[in-house]
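A closer look at the structure
Read off the chains here:
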Amino acid sequence: MGNKALQLMTVGGGCFWCVEAVFNEIKGVEKVVSGYTGGTAPGKPTYREVCIGLTGHAEVVQITFDANVVSYQDLLLVFMTSHDPTTLNRQGADIGTQYRSVIYYHNYLQKDIAEVVVEEIAPYYDNSVVTEISPLGVFYEAEDYHQNYYANNQEQMYCSAVITPKLAKLRKMHAEKLK
């Protein structure tokens, strides 16, 4: 298959359990790690601190992907269509700045691609896209029990009520990109 061209992508679109479950389904994605970034509080935040809004961090996922299999642009299209990028600091019942729609770029090429994708997708929404595009600061890995949350907790009410329908939509919209 040749050499892998591994790259990183960091995005937030509501609860990181949902975003992680989506990207774990995509061909070329090697690893998805739930975590926090974008805040101002010093030191590594805890889930409780992030959830009650003490840190300014967003719940995000950091995705390691093989650019020879899937492009950053295609991953952004999956991201922008797998959550509502028109609701400020909210996804469904999850409300707060920790649930903001955000793309954290790792370099200026990613920034440019993100700006183009957001601009191209905006006309498909009735409301204005509010997705933030910001440079990545320090990424803090979330606690172990948040990693692969959906895979390990599918029977939980939140997973079956929120994540399972989101994955059904993904499978319909992006079937050609699935593992």
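Residues numbered from 1 in each chain as written. Predicted model: local features only at pLDDT ≥ 70, side-chain atom pairs only at ≥ 80, totals over all residues. Heavy atoms only, no water.

**Brief notes about helix α3 (residues 72-81)**
With respect to burial, α3 is a largely interior element, seven of its 10 residues being buried. Residues of α3 that are buried: Y72, L75, L76, V78, F79, M80 and T81. (Buried < 20%, exposed > 50% of the residue type's maximum accessible area, 1.4 Å probe, protein only. Helix = DSSP H or I, 4+ residues; strand = E, 2+ residues; numbered from the N terminus.)

**As for the packing of aromatic side chains**
Tallying each qualifying case throughout the model produces six aromatic pairs. Centroid distance W17 to Y149: 3.6 Å. Interplanar angle 5°. Geometry classified as stacked. Of this pair, W17 sits in helix α1 (residues 16-23) while Y149 sits in helix α5 (residues 149-152), placing them 132 residues apart in sequence. Side by side, W17 and Y149 carry an identical accessibility label, which is buried. Ring geometry for F65 and Y72: centres 6.5 Å apart, planes at 25°, overall stacked. Overall, Y72 belongs to the buried group, its relative accessible area being 5%. Cluster of aromatic residues (ring-pair linked, three or more members): F16, Y36 and Y47. (Phe/Tyr/Trp six-rings, centres within 6.5 Å; stacked < 30°, edge-to-face > 60°.)

**Here we look at the sheet that holds strand β2 (residues 29-37)**
Spatial ordering of the open sheet is given by β7-β6-β1-β3-β2-β8, a layout of six strands whose pairing is mixed. Where the open sheet ends on each side, the last strands, each with one partner, are β7 (132-135) and β8 (140-141). Bridge count between strand β6 (residues 101-105) and β7: four bridges; the pairing is parallel. Bridging from a neighbouring strand, V102 pairs with E132 of β7. Taken strand by strand, α3 contacts β1 (6-13), β2, β3 (58-66) and β6, and its axis lies near 15° from that of β1. (Pairing = 2+ DSSP bridges. Contact = heavy atoms within 4.5 Å. Axes fitted to C-alpha atoms, helices over the stretch in contact; angles between N-to-C directions.)

**Considerations on the nonpolar core**
Counting 40 residues, the largest nonpolar core has M9, V11, F23, I26, I63 and I103 as its most contacted members. Taken together, the elements giving at least two residues each to this core come down to β1, α1, β2, β3, α3, α4 (108-121), α5 and α6 (157-173). Counting residues per element, this core draws most heavily on α1, which supplies seven residues. Once you skip the residues sitting within four places of it in the chain, V11 turns out to touch V19, F23, V60, V61, I63, L76, F79, V102 and I103. In terms of nonpolar packing, the next biggest core, distinct from the first, is built from six residues, A58, V102, Y104 and F139 among them. (Core = buried A, V, L, I, M, F, W, Y, C linked by side-chain atoms within 4.5 Å.)

**Looking at unusual backbone geometry**
Positive phi is not limited to glycine here, since N89 has a value of about 55°. Backbone geometry places N148, a non-glycine residue, at a positive phi of 55°. For N148, a relative accessible area of 36% translates into the label partly exposed.

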